[in-house]
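# Examination of the molecular architecture
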Amino acid sequence: MTTPTPPPTPPSASTTTTSTSTDKTPAPASERRSWLRDHSELGVCVLLLALGVLVLTDALTMDVDITQRGPVGPRTVPLGVGTGLLVVAALLAVDVLRGGRGQAGTGEDIDLSEPADWRTVVLLAGVFLGTAVLIEPLGFPIAGALLFWGAAFALGSRRFDRDPLIAAVVSFVTYAVFNNLLGVPLPGGPLMGVL
Amino acid sequence: MNALNSLMDGFGTALTPLNLLWAAVGVLLGTAIGVLPGIGPAMAVALLLPVTYGLEPTGAFIMFAGIYYGAMFGGSTTSILLNTPGESAAVVAAMEGNPMAKAGRGAQALAAAAIGHFAGGMVGTVLLVALAPAVADLAVDIGAPDYFAIMVLAFIAVTSVLGSSRIRGMASLLIGLTIGLVGLDRMTGQQRLTFGSLQLADGVDVVIVAVGLFAIGEALWVAAHLRRRPPDPIPVGRPWLGRADVRRTWKSWARGPFIGFPFGAIPAGGAEIPTFLSYVTEKRLSKHQDEWGKGAIEGVAGPESAASASAAGTLVSMLTLGLPTTAVAAVMLAAFQQYGIQPGPLLFEREPDLVWGLIASLFVGMVLLLALNLPLAPVWAKLLRIPRPYLYAGIMFFAAVGAYAVGGEVIDLVILLIIGLIGFGMRRYGLPVLPAVIGVILGPAAEQQLRRALQISDGSVTGLVNTPFSVIVYAVVALLLAWPLVRGALPRRNPRT
């Protein structure tokens, strides 16, 4: 509940300490890498900075002469938000350099003692993107089933007898409930055209 | 008196068979989804938003109210039986509830929680009936500067009361405000941050932001750190309470609402603070000091009652001022906006059927919750064993359904994923999610009020502080901002003794 919390061992920090302690020759290059990894939160500052610049550029290049009515035009608030982003980026950088660390989110199924499993995250995001591409050509029932199965697979489920079946049932039932019962249209795709 | 008549009309709305059905569906869905590990009330409401797209507003909000209360109750079941609460409001329930379950008193812990929820919700809703029309009457005359002040208060409160770091809260708020800027300017039609894209000209739908940040962000974050072996839930029978337990807990049930309700109504983080305050109060007043930490039933009953009442308090500010004080209220406000309804002082005049039907359905939902959850508790406990790949695959799946159902556009799924990745990054670096959601929802409204106020005053900044109400609100804002300095100057007291 207090301001800048002492580092509650974020996942990357724990991995860096183990990796640097195993190879006892601290070459300057690896030292710099581990410093960067320890301070990876600075990346957030860079993103906030970039976002701030983007918002400010957009606001300043806006052509407001014709549309402006009243003393405050469509520019004022973006200018304020953009400036705020720059200020917060700077303040956050100061906080990180002084040792402040954001507290990583916790939850029932979250184990922060292990390093982050990037493969799963990339796979999940890929499956989701694939669904976005497939939903119109294949229709919701098939694309949704592929999404469910693909996501379960990415998360480590390997029951090839059960997983596709559950995915298909979930997707078809959802389609029927939304499309037919609740009146929320979803694309049926070629399969529903056949049935 | 007038309120009572309106409430009776509300019961007329809520007790129609169809609305009764929506209330029951909401309570059951809400509890089931709230019990599922990893899904808090806000995600539950966000994921269930598309279910209501086909409904008319009254039915939809009656269902939402059921989902809200059900999800809060479900969350406490999870923390009692698993001891790894996902959302802050349920942390306190685990402190005494889990030791009770371990000692074989899980049934009593669940009963104390269920009845606590019922009592807190009932008292809270009575207070809502008594206060909301009065607040709405007072607020009817407030103008643009006052609204803007309230929204500034919401922004500052959500960034500085919640979470461990103000600067990270502020960063999150600004990200939300930026997303809220995307699209056509509401007053002049000027394109902002659209980069010439037609799809972005409509702005980013609030539902997509909420689902992306709460559901996709959470699923990706869990995926990165999935526990190899999920914790084993403690098996439990049908909840019941002996006479001795009732004698110990009834005062805790009665005290909880008066701690919870006021905190729910102000932007102070919803149930997090009142549950903890109630815990501390019950501990201090308890005659069984030796049991605390090992499973004191008052430590479940009081905080649960407070949590439930705080949900009712949340509805006061949401319905009368359009001010969301919790993540769930923020998502519900987004749902109101979907229907083109603007919560605020005029809501009670313009949509009396909706508002009073909703309030009456809270009473109905509470009774349903108690009647259904006591016998169903063993079933809910089984949900805790769901294989995690299916659980998180299901979250991704329903998030996709929700985003696609908004407008039937593929681009929405891509935006959802991008916002989900932002949510992932925010969880990784400890940026709270709620300020971003509040920023997206209230940002555009705040801008409109600001510009309206300045238009009236012809650009003079004094136009923002020309009413007593706005001055008071800014004083509160100043106090919130200065609080860390004030607290640092005060002599340190030990809160634990």
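One can find the structure itself at the top, above this paragraph.
Just so we're clear, the structure is a prediction, and the values are computed from it rather than from any experiment. (Residues numbered from 1 in each chain as written. Chains lettered and ligands numbered in written order. Predicted model: local features only at pLDDT ≥ 70, side-chain atom pairs only at ≥ 80, totals over all residues. Heavy atoms only, no water.)

### Things to note about the overall build of chain B
Scanning chain B from N- to C-terminus turns up 19 helices and 2 strands. Here chain B has a C-alpha radius of gyration of 22 Å; the compact-globule value for 497 residues is 23 Å, and the two agree. Overall, chain B is about 70 × 55 × 50 Å in size when its C-alpha atoms are taken along their principal axes. Of the contacts formed within chain B by residues at least 6 apart in sequence, a portion of 80% connects residues at least 24 apart. For chain B, the exposed surface amounts to about 17900 Å²; the carbon and sulfur share of it is 65%. Distance between charge centroids for chain B: 16 Å, based on 31 positive and 26 negative side chains. (Helix = DSSP H or I, 4+ residues; strand = E, 2+ residues; numbered from the N terminus. Rg over C-alpha atoms; globule rule 2.2 N^0.38 Å. Contact = heavy atoms within 4.5 Å. Areas by Shrake-Rupley, 256 points an atom, 1.4 Å probe, with all protein chains shown as cover. Lys, Arg positive; Asp, Glu negative; His and termini not counted. Charge placed at Lys NZ, Arg CZ, Asp CG, Glu CD.)

### Observations concerning the interface of chain B and chain A
Counting residues at the interface gives 79 residues for chain B and 81 residues for chain A. The contact between chain B and chain A buries some 6900 Å² in all, and 70% of this surface belongs to carbon and sulfur atoms. When the buried area of chain B at its contact with chain A is split by residue, His225(B), Tyr390(B) and Phe397(B) rank highest and sum to 11% of it. Where chain B packs against chain A, one counts 2 salt bridges. Linking chain B with chain A are 10 residue pairs in polar contact (both at pLDDT 80 or more), by the criterion used here. Only helix H4 (57-82), helix H7 (166-181), strand E2 (191-192), helix H9 (206-224), helix H16 (388-407), helix H17 (410-428) and helix H18 (434-456) of chain B provide two or more residues apiece to the side of chain B that touches chain A. (Buried area = accessible area lost by both parts, 1.4 Å probe. Salt bridge = Lys/Arg side-chain N within 4 Å of Asp/Glu carboxyl O. Polar contact = N/O pair within 3.5 Å; in protein donor to acceptor, adjacent residues only side chain to side chain.)

### Remarks on the pattern of salt bridges
Residue and element names in this part refer to chain B. The tally for this structure, following the rule as stated, stands at 12 salt bridges over all chains. Between glutamate 218 and arginine 427 there is a salt bridge, with its nearest N and O atoms 2.6 Å apart. One end of the pair, glutamate 218, is in helix H9; the other, arginine 427, is in helix H17, and 209 residues separate them in sequence. Across the pair, exposure class does not vary: glutamate 218 and arginine 427 are buried alike. Via salt bridges that share partners, Asp185, Arg192, Glu447 and Arg451 belong to a single interconnected network. (Buried < 20%, exposed > 50% of the residue type's maximum accessible area, 1.4 Å probe, protein only.)

### Examining the environment of Ala371(B)
Within the element layout of this structure, Ala371(B) appears in helix H15 (residues 352-383). A C-alpha to C-alpha distance of 9.7 Å links Ala371(B) and Ala114(B), two positions 257 residues apart in sequence.

### A short note on the side chain of Glu298(B)
Residue and element names in this part refer to chain B. Mapped onto the elements, glutamate 298 comes out in helix H12 (residues 298-321). A polar atom in the side chain of glutamate 298 sits 2.7 Å from the side chain of arginine 248. When sequence neighbours within four positions are dropped, the list of residues in contact with glutamate 298 reads Arg248, Thr249, Ser252, Glu282, Ser286, His288, Trp292 and Pro303.

### Here we look at the nonpolar core
In terms of nonpolar packing, the biggest core is built from 191 residues, with Leu48(A), Phe128(A), Phe214(B), Leu319(B), Met332(B) and Ile359(B) touching the most fellow members. In terms of residue count, H9(B) provides more of this core than any other element does, 16 residues in total. Shared between two domains, this core holds at least three residues of each, these being domain 1 (11-97) and domain 2 (118-194) of chain A. Apart from the residues within four sequence positions on either side, Ile359(B) is in contact with Leu7(B), Thr125(B), Leu128(B), Val129(B) and Phe348(B). Counting 25 residues, the second largest nonpolar core, distinct from the first, contains Leu81(B), Leu110(B), Ala119(B) and Ile234(B). (Core = buried A, V, L, I, M, F, W, Y, C linked by side-chain atoms within 4.5 Å. Domains from an automatic or database assignment.)

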